[in-house]
Amino acid sequence: MHEMGIALEIIKIATDSIPANLKNPRVERINLKVGKLAAVVPGSLKFCFEVATKDTPLEGALLHIEEIPVSARCKSCGYSWTAIKPVFICEKCDSGSVDLLSGLELDIVSIEVEEGA
Ligand SMILES: [Zn+2]
């Protein structure tokens, strides 16, 4: 279950991004973009995140996951399309020369931090 490793990585990045001058900082929300090909199960990642943030400034933070569809473009005919699974062959001309445009990303888009009371 590699979601735990990813959750820990997100927590590390989020923790490092909390401004040092905040008193009792609380991370409210983390916005993530996850490509359909990144092989991450959102529910499982959320679960790992919840477990791993216990007793940290990130406890209770909302992990918002936006799933990015796979999109590809054929280098031979220029046709582009989106798919829900890996694509290596053009749907239109059967060329094997395909560029993957999106679907592999695993990015933290933004982190919302609030100062505690
Ligand atoms: Zn093609």
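The residue numbering used here restarts from 1 in each chain and proceeds along that chain's sequence as written. Whole-chain, interface and lining totals are the exception, using all residues; otherwise, since this is a predicted model, local features are given only for residues with pLDDT of at least 70 and side-chain atom pairs are given and counted only at 80 or more. With hydrogens and water stripped out, all remaining heavy atoms of the structure feed into the side-chain values.

A. Spatial organisation of the sheet that holds strand 4 (residues 80–83). Strand pairing is assigned whenever DSSP detects at least two bridges linking the two strands. Numbering of helices and strands runs from the N terminus, with a helix taken as a DSSP run of H or I at least four residues long and a strand as a DSSP run of E at least two residues long. Judged by pairing direction, the sheet is antiparallel, and its 3 strands sit side by side in the order 4-3-5 without closing on themselves. Whereas interior strands pair on both sides, the edge strands pair on one side only; in this sheet they are strand 4 and strand 5 (98–102). Across this sheet, the average inter-strand angle for adjacent strands is 30 degrees, counted without regard to direction. One ladder, built from 4 bridges, connects strand 3 (residues 70–74) with strand 5; its direction is antiparallel. Among the inter-strand pairings, Cys-74 is bridged to a residue of strand 5, identified as Val-98. Geometry is summarised by axes, namely lines fitted to C-alpha atoms with helices restricted to the contacting stretch, and by angles between N-to-C directions that run from 0 to 180 degrees.

B. Just the packing of aromatic side chains, in detail. The pairing test for Phe, Tyr and Trp rings, Trp by its six-membered ring, is centres within 6.5 Å, and the orientation test on the planes gives stacked under 30 degrees, edge-to-face over 60, and tilted for anything in between. Taken as a whole, this structure holds 1 aromatic pair when the rule is applied. For the ring pair Tyr-79 and Trp-81, a centre distance of 5.5 Å and an interplane angle of 15 degrees mean the geometry is stacked. Under the relative-accessibility criterion, Trp-81 is labelled buried at 7%. The buried label goes to any residue with under 20% of its type's maximum accessible area, the exposed label to any with over 50%, and the partly exposed label to all in between, with areas taken from a 1.4 Å probe on protein chains only.

C. Spotlight on the coordination of the zinc ion. Note that water is not among the atoms considered, so a metal site may appear incomplete; the donors listed are N, O and S atoms within 2.8 Å of the metal, with 3.2 Å applied to Na, K and Ca. Protein-derived ligands of the zinc ion are Cys-74 (SG), Cys-77 (SG), Cys-90 (SG) and Cys-93 (SG), with the metal-ligand distances lying across 2.3 Å. Spacing between the donor residues of the zinc ion along the chain follows C-x2-C-x12-C-x2-C. On the basis of relative accessibility, which here comes to 2%, the residue Cys-74 falls in the buried class.

D. Main features of the sheet that holds strand 6 (residues 106–115). Judged by pairing direction, the sheet is mixed, and its 3 strands sit side by side in the order 2-1-6 without closing on themselves. Of all strands in the sheet, those with a lone pairing partner are strand 2 (62–68) and strand 6, marking the two edges. With direction set aside, neighbouring strand axes in the sheet form an average angle of 15 degrees. With 9 bridges connecting them, strand 1 (residues 25–35) and strand 6 associate as antiparallel partners. Bridging from a neighbouring strand, Asn-31 pairs with Ser-110 of strand 6. Contacts are residue-level and defined by heavy atoms, with any inter-residue pair within 4.5 Å sufficient. Strands in contact with helix 1 (residues 3–16) are strand 1 and strand 6; relative to strand 6, the strand with the most contacts, it is inclined by about 50 degrees.

E. Up close: the side chain of Glu-3. Tracing the chain through its elements places Glu-3 in helix 1. No salt bridge is formed by the buried Glu-3, whose closest oppositely charged neighbour, Lys-46, lies at an N-O distance of 13 Å. With near-sequence residues (within four places) excluded, Glu-3 lies in contact with Ala-39, Val-40, Val-41, Ser-44, Leu-45 and Cys-48. His residues and chain termini do not enter the charge count, which takes Lys and Arg as positive and Asp and Glu as negative. For salt bridges, the criterion is a side-chain nitrogen of Lys or Arg within 4 Å of an Asp or Glu carboxyl oxygen.

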